[in-house]
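Examining the three-dimensional arrangement
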Amino acid sequence: MLILQCPYCGVMADETELSPGGEAHLTREGPGASDDAFHDYLFMRENPKGVHFERWRHAYGCGKWFHAARCTTTLQVFGTYKAQTTEPPKDIRDRITKARPGWTWRDYA
Amino acid sequence: MKRYSAFAIAREAFRAHTGWDKAWARAEPKRRYDVIIVGAGGHGLATAYYLGKNFGITNVAVLEKNWLGGGNTGRNTTIIRSNYLQDPSAAIYEKSRSLYEHLSQDLNYNVMFSPRGVMMLAQTQHEIRGYQRTAHANALQGVKTEFITPERVKELCPIIELKGPRYPVLGALWQERGGTARHDAVAWGYARACSDMGMDIIQNCEVTGVRTEAGKVQGVSTTLGEIDCAKLGVVVAGHSGALADMAAFRLPIESVALQALVSEPIKPCMDVVVMANTVHGYMSQSDKGEMVIGGGADGYNNYTQRGSFHHIEETVRALVETFPMISRLKMLRQWGGIVDMTGDRSPILSKTPVENMFMNCGWGTGGFKAIPGSGWGFAELMATGESALCAEFSLDRFREGRFIDESVAAGVAH
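The shown structure was predicted, so the numbers you read here are calculated from the model rather than taken from an experiment.

1. As for the overall build of chain B
Within chain B one finds 12 helices and 18 strands. Against the compact-globule benchmark of 22 Å for 414 residues, chain B has a radius of gyration of 21 Å, which places it among compact chains. Projecting the C-alpha coordinates of chain B onto the three principal axes gives extents of approximately 65 × 65 × 40 Å. Looking at the 414 residues of chain B, the share that counts as buried comes to 53%. Taking as baseline every contact in chain B between residues at least 6 positions apart, the subset at least 24 positions apart corresponds to 75%.

Following this line, the structure appears as structure tokens:
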């Protein structure tokens, strides 16, 4: 079972206490966006074998949305961070680089 | 290929079973093939088989990174049905189910198709309306299903508890000619028939790159060297995204874990397949006597082919309420597979941005039942460039808003 630390209330939460919310850091396209941009926003996902960034909600806790950095092939958790950001914070990225040199995810590394 | 028959068994009995051939030949990759299929699971082997049988294309290699049929073909709950709501789904799943009816004879390999009947329980008012609608849709599609009463449910499946405290059984969608088959035998039977047509089935050969030139596929790089091809079919379920990445395009797919489990074997007590979608559980009894149980998929991306305890707990808790007699059963084994989920929960059988490269993926949690139909349609698409069976399942349906929305129609289990 996954255990993620909620970055808001600090609780080490079991998977059963959380709701998965899909891929993180999507650009939410709106009116005026091109068809391609809207198509990618709605349907295209990174689905990586390896490092991934996701949204989770501490549903049966403080109720807040947060982000997690996780490996989809080993289930290793690299860290969690608050949702008020458009990209993963530097310390999380450094931690991933240490564990998985050469990783990429979209334009981040 | 020596045919399997009662006579062959008698013949071999008299000579200490020394005359049986290997079911398929061990092959080394050639430099070039007309068609390369990546993935020797049910769908990939079925595609190769119908390429040979229906279109005479036999210069074919099927590449498999592990062992044949060791992915989701060996990790499902073997349920076969075609009671889908949308027309394109009903067409391809019913084609598939009807091919299963004679598959053993066609392949000369006993796939143990058992049309024991599949019932999907209606346990809420919403489900009653939903399944009645599906039954009407099926009548128009020529798929034989009916909506049955709780009394008939009890008659067909005596171990069921109709008056469960949370979710009483209010009726069911019943497909009499649905059922199960022996999952490994389906892969093995297709492999044997492909090998017999002269195709190369190459195991332990992982594709590491897709070579293209001017937007056209040239071949693949593998752990056993470079192999050229005129056409490439990719049929790798949960790992489709990785293969698409090699050819520099993206897929609207996410890979998650789906798990199942079996109990210790018990005496025959249930001769139908029961699916309870409201409570996320389905169950049938295997020929060995084990209760085969499946549940919901994980909600997050995962490539580990493992399951998680809380999903087992959820599934079993729900089923114990519907089948109180299983409460004392010990669970024997549990396994997980990586399923490829699309946004509308329908598969993708399509051309791709790379010319002569084709994808067959997105079967999500319900691919086993579709193996023969998927192979039939995908072989037609690869051989001729057109297939009525696959037309609606193209990759551009997401851009154009032509969803085949089974995520709403099928509820949960799919």
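The discussion continues.
2. Quick notes on the overall build of chain A
Tallying secondary structure elements over chain A gives two helices and six strands in all. Helices (α) and strands (β) of chain A occur, in sequence order from the N terminus, as β-β-β-α-β-β-β-α. For 109 residues, the compact-globule formula gives about 13 Å, and the C-alpha radius of gyration of chain A, at 14 Å, lands near that figure. With the principal axes as the frame, chain A shows a C-alpha extent of 40 × 35 × 25 Å. Classification of the 109 residues of chain A by burial places 24% in the buried group. Excluding contacts between residues fewer than 6 apart, the proportion of contacts in chain A whose partners are at least 24 apart in sequence is 49%.

3. Quick look at the sheet that holds strand β6 (residues 171-175) of chain B
All names here are of chain B. Taken together, eight strands build an open sheet; the order of strands is β5-β6-β4-β13-β14-β15-β12-β16 and the sheet is mixed. Bordering the open sheet on either side are β5 (146-148) and β16 (331-342), each of which pairs with just one other strand. Sheet twist, expressed as the mean angle between neighbouring strand axes with direction ignored, is 25°. One ladder, built from three bridges, connects β5 with β6; its direction is antiparallel. Residue E146 lies in a different strand from β6, and its bridge partner there is W174. Helix α9 (residues 309-322) rests against β12 (253-263), β13 (273-276), β14 (281-285), β15 (291-301) and β16 of the sheet, and its axis sits at about 140° to β15.

4. A few points about the interface of chain B and chain A
Each partner contributes to the interface: chain B provides 19 residues, whereas chain A provides 16 residues. When residues of the side of chain B that touches chain A are traced back to their parent elements, those giving at least two are α8 (240-246), β12, β15, α9 and α11 (397-400) of chain B.

5. Thoughts on unusual backbone geometry
The residue N47 of chain A is not glycine, and still its phi comes out positive at about 45°. Assignment of secondary structure puts N47 of chain A in the loop between α1 (35-43) and β4 (51-57). By C-beta crowding, N47 of chain A is classed as buried, having 26 other C-beta atoms within 10 Å. Despite not being glycine, H280 of chain B has its phi angle at roughly 60°, a positive value. You can see H280 of chain B is positioned in the loop between β13 and β14. Judged by the 20 C-beta atoms lying within 10 Å of it, H280 of chain B is buried.

6. A look at the domain arrangement of chain B
Residue and element names in this part refer to chain B. Structurally, chain B comprises domain 1 (22-109 + 182-252 + 344-409) and domain 2 (118-180 + 255-342). Inter-centroid distance (C-alpha atoms) of domain 1 to domain 2 is 27 Å. Here the side of domain 1 that touches domain 2 takes four residues from helix α3 (residues 87-101), the largest share from any one element. Its residues placed into classes, the side of domain 1 that touches domain 2 shows nine nonpolar, 14 polar and seven charged.

The rules behind each value
- Residues numbered from 1 in each chain as written.
- Chains lettered and ligands numbered in written order.
- Predicted model: local features only at pLDDT ≥ 70, side-chain atom pairs only at ≥ 80, totals over all residues.
- Helix = DSSP H or I, 4+ residues; strand = E, 2+ residues; numbered from the N terminus.
- Rg over C-alpha atoms; globule rule 2.2 N^0.38 Å.
- Buried ≥ 20, exposed ≤ 12 C-beta atoms within 10 Å, placed from the backbone.
- Contact = placed C-beta atoms within 7 Å.
- Pairing = 2+ DSSP bridges.
- Axes fitted to C-alpha atoms, helices over the stretch in contact; angles between N-to-C directions.
- Domains from an automatic or database assignment.
- Nonpolar A, V, L, I, M, F, W, Y, C, P; charged D, E, K, R; others polar.

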